[in-house]
Every structure is written in C-alpha cells, then in structure tokens.
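# What the coordinates show
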Amino acid sequence: MDWQLTRKEIKAYNKKRPRKARKSICHAPARSLYFGKRGEIMVCCTNRSHLAGRYPEMSIRECWESAQVMKIREALKTGDMSNGCQICYHIVRSGNYQNMMGRIYDRIPANRNGYPTRFDFELTNTCNLECVMCRGELSSSIRRNRDQLPAIPSPYDDAFLRQLEEFIPHLSESYFAGGEPFLIKQYLEIWDRMAVLNPGHHLSVQTNATILTDRIRKILDKLPMSIAVSIDSVQAERLESIRVNAKWDTVLGHIHEFKAYCDRVGTQLTISYTPMTLNWMELPDAIEFCNRLGIDIYFNHLSYPRHLAFNSLKAKKLREISAFLHRYDPPAQWLANRKSYLDLVAQIDYWLREAEEKERAGVTPTGLRDDQWFDALERYLHKEHGAGKADALFHEIEGSILGILESLPGDSSRDRLWEHLGTVGFPSMVAFVPGKSQAELQAALRTAVQL
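The structure contained in this document is the topic of the report that follows. Given the structure is predicted, the values throughout are model-derived calculations rather than measurements.

## Observations concerning the packing of helix α9 (residues 185-197) against helix α10 (residues 214-222)
Pairs of packed helices are described in terms of their axes, by the angle between the two and the distance that separates them. Running from N to C, α9 and α10 point in directions that differ by 25°, and their axes come no closer than 10 Å. When the axes of α9 and α10 are compared, the pair comes out roughly parallel. For the pair α9 and α10, the sense of crossing is left-handed. Between α9, through L188, W191, D192 and A195, and α10, the contact on the second element is made entirely by R215, I216, I219 and K222. For the contact of α9 with α10, the class distribution of residues is 5 nonpolar, no polar and 3 charged.

Printed below as a string of structure tokens:
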C-alpha cells in the first residue's frame, strides 16, 4: 500500500496547524527521542517499528544521528508516512486532527545547535494497576499477577543517566510515562538532575493519580510539572472495574490536589481518557466533569486489544454509539473540550463507514485477539528459554508483527494475518527469527499471507 498523503489531505491538515510548522507532516524525528522500556529508542511513542537505535548498544547521540532517523525526517517532509507512521496516516485521513500525535511537535522549537528539544521517557513498566485494556508489557502488576511472568529488566543504568546530562540543558519539553511515573526510581534521579540543569523547561507527567507521597510533593515544589491524569470513567464503579486496584475516592482527591498545585505554579492539569467499548456511554459525562473542574480532556486512540476497540465493532453497534454521541452538544464556552469531543465523534463515524464497507464486501473478522496471541507467545518463550533469551526473542517477534500490522491497508488484511499466525506453531516462529532482520521477517510473513 502507498502510505503517501495526497496534496488535498496535506492541505486540509495544514489548515489546522501553525504556518511555521507546515514544512513537514510531523517534526518528531527532527526534535525528539522516545526511550522505551527495553532500551529501544524511537522518534515518538507511536512509531515502534522503525527504531532510531537501542540502548546500551548505541549511545543517545548515536541514536539521534542515525540513518534511520534521517530517513524518517526526509520522508515526512513530502507526506510519506511509510516509515512506521501508519497510525497517524489513518488519523490524518479521517480528519481527527485533535488526536494527531504529530501536533505535539508543531509547537516545539528546533535547537540551533542540533540537539533534540524533547525527550519522552518510558523507562520501565513499574505500575500498581492492572487495567483491563493494558498488557504486562506496560504494567508490572499485570505481568506479575495476570501473566505470571518475570519482571522486565531495565537496561537504563548510571551511564545512561550521565549521558542525559549533555542533553537536558537543551530541552524545551520532557514527558514521563510508565507504568506509573511516581513509582519509578530512575525518574526521581532524572528529576533531580533536571532541577539543577534545566528547571525552566516544560516537564509533564502521565499519572494514574493513585500515588502522591511527600517525596513526590517535594519534587513538584522544586521542579514545576504539568500533569496528565489517566482515567477512563468518572463513575466510581466503572473506573474501579476498568482500572483494577484503583480507588475512585483516592483518584478524585489527587485530581483536586493536582489542580490546586498546577494553578499555583502556573502549569496545566489535563485528563487523558481512553474511549472504548466499556465506557462510550459516559463520554458526555466525562466532558461535563472536566468542564466543571476547568480541565482540558484529551481522548486516546485505542487499537488494541481489539475486543475493546471501536474499529472492531460491527456497523450496527457503531451506528448506535454514533447516534447516542451525536445527541449530546458540548457547551461552546469550553471550546477545547467541545473540539475534542466532536473530533472523536468524527473518528467514530469514520470507523462506521469502514465497517459498513466491510460488511457490504462480505468481510468477516476472525475474532482472534492480539493480546491473547502475544501473551501466549511470551509464556511459551519463558517456559522454553531463559528469561534473557525469552525477552530478546519476544521483543524481536513483537516488533515485527506490530510493524506489519501498522503497514497493512485495512482490517481485512489484518484479520488474514492473525488467522495465519494462529496456524503457525511457536517453535517454528522461534526457529525462523534468529539472525533475520526485521525487514526479512516482515517480508516472509507478508509472502506467507499473500499481503
């Protein structure tokens, strides 16, 4: 498939962007690096198939100057989104510009000395929650309790922290995710360095709002942070059923404390909300909740697990959801939240049209869930191999599969891939992987499924 945006699509998207930002569809590869939990270093959080490099095999500087990063930069200048940018390709085409991750980098200035000006940290999956839409790769509690797998070892050592000291003074922004950031020890050390080397840059944290200790309060006082709170319901029972181990009263209390803090130090509190099949009926309530508190809300895009994603639903159900959401008219006085809501509804309407086209063509999804397959693969690898080899094999196979899924033109092709994977034994998969590049693995799977 050709992942090239048309001139018309580029022009429509650029109308919603600052004029100075329009030289490229996305400036992430020219301004940022994203540090993943297994040492993978990327240009952004959504492009996980085309790495800048891997730590500790490559230093931060080597990743920043890698040929892969240069390739992505040049491609995006022409609207070519074939280098791992397929998720954002669909978002631009649907017109859901508010959810376009690339807009984050429009506001970030370039550095005159060639340094990255934004760092995103996802150094470990340490987390106290077991959210139903999450996986062990993203939550240590899920990995330990649900998956019953050993912890993911972190490659980020003291040498990594020392390398950061060269780059921290040049940052305009930094972003910390997890797991749960306020439980991650490496972040405490990084924040101590930032408080000395660059306390004035814009620092933001994505938290589940269950943890707020005196140690964290002291850090907040010396290093002002913007805070994004992840919640997926504003009703106690539903939130606690989705975000397992969370308590609504605790979360709500911390939201109010964060709001007072951000108002005091001049930073921003936002709500990060993941719409899915479990909570669509209270999306208007979420808007009203945020409006009452004076907080902006942003809606995340959920593709996997598929049984919770809107784009896995049949047209009949999507039609019901669309009709319900269209009946609510968000108040105009809180314009940002109104726009977030209307853009989300436009995205759902786009999925509805896709579902109707699939059903007219007689396409029936296989029903195989990606989280089931990946979890089964990881359990097999840890049973048959030592933890170190198992983790390396899993990461390589997962990266290849996710890279192929991102590049496929539609759900019917993805369904064919999952159907094929369901027939391939894990021993055969493991026997084929070692020594193959990601490109070779992707080519082999594409040929086998005739994609």
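## Observations regarding empty space enclosed by the protein
Empty pockets left among the atoms are what a rolling probe the size of a water molecule brings to light. Under the defined criterion, the tally for this structure stands at 3 cavities of 30 Å³ or more. Looking at the largest cavity, its volume works out to about 70 Å³. Lining of the largest cavity is provided by C26, C44, T46, L76, M81, C85, C88, M100, M101, G102 and Y105. Counted as a void, the second largest cavity has a volume near 50 Å³. Class assignment for the residues of the lining of the second largest cavity results in 5 nonpolar, 5 polar and no charged.

## Focus on helix α4 (residues 67-77)
Of all the positions in α4, only V69, I72, R73, A75 and L76 are classed as buried. Those residues of α4 that are buried lie in contact with α2 (28-31) and α3 (60-64). Where α4 ends, the next residue or the one after it, G79, has phi of about 85°, a positive value.

## Some remarks on the pattern of salt bridges
A full pass over the atoms with the stated rule returns 25 salt bridges. With a closest N to O distance of 2.8 Å, R61 and E166 form a salt bridge. With R61 in helix α3 and E166 in helix α8 (residues 158-167), the pair connects residues that are 105 residues apart, well separated along the chain. Across the pair D343 and K339 runs a salt bridge, and its minimum N-O distance is 3.5 Å. In this pair, D343 and K339 are both assigned in helix α15 (residues 335-360), 4 residues apart and thus about one turn of the helix distant. The exposure class of D343 is buried, given its relative accessible area of 10%. It is possible to trace a salt-bridge network through shared partners that takes in R38, E137, R143 and E378.

## Observations concerning the environment of T78
Summarising the element assignment, T78 is placed in the loop between α4 and α5 (86-94). Residues T78 and R7, 71 residues apart in the sequence, show an inter-C-alpha distance of 9.4 Å. Not counting the four nearest positions on each side in its chain, T78 is found in contact with Q4 and I10. Side-chain polar atoms of T78 contact the backbone oxygen of A75, separated by 2.9 Å.

## What to know about the sheet that holds strand β1 (residues 32-35)
Strands sit in the order β3-β2-β1-β4-β5-β6-β7-β8-β9 across an open sheet of 9 strands; the sheet is mixed. The open sheet is flanked by β3 (53-54) and β9 (296-299), the only strands paired with a single partner. Across 2 bridges, β1 lies against strand β2 (residues 40-42) in antiparallel orientation. Each bridged residue has a counterpart across the sheet, and for Y34 the counterpart in β2 is M42.

Parameters at a glance
- Residues numbered from 1 in each chain as written.
- Predicted model: local features only at pLDDT ≥ 70, side-chain atom pairs only at ≥ 80, totals over all residues.
- Heavy atoms only, no water.
- Axes fitted to C-alpha atoms, helices over the stretch in contact; angles between N-to-C directions.
- Helix = DSSP H or I, 4+ residues; strand = E, 2+ residues; numbered from the N terminus.
- Parallel < 35°, antiparallel > 145°, perpendicular 65-115°, else oblique.
- Left-handed = near helix turned anticlockwise from the far one by under 90°.
- Contact = heavy atoms within 4.5 Å.
- Nonpolar A, V, L, I, M, F, W, Y, C, P; charged D, E, K, R; others polar.
- 1 Å grid on protein atoms, 1.4 Å probe; cavity = no way out; pocket = protein on both sides within 12 Å on 5 of 7 lines; lining within 4 Å.
- Points joined across faces, edges and corners; volume = space filled by probe spheres on them.
- Buried < 20%, exposed > 50% of the residue type's maximum accessible area, 1.4 Å probe, protein only.
- Salt bridge = Lys/Arg side-chain N within 4 Å of Asp/Glu carboxyl O.
- Polar contact = N/O pair within 3.5 Å; in protein donor to acceptor, adjacent residues only side chain to side chain.
- Pairing = 2+ DSSP bridges.

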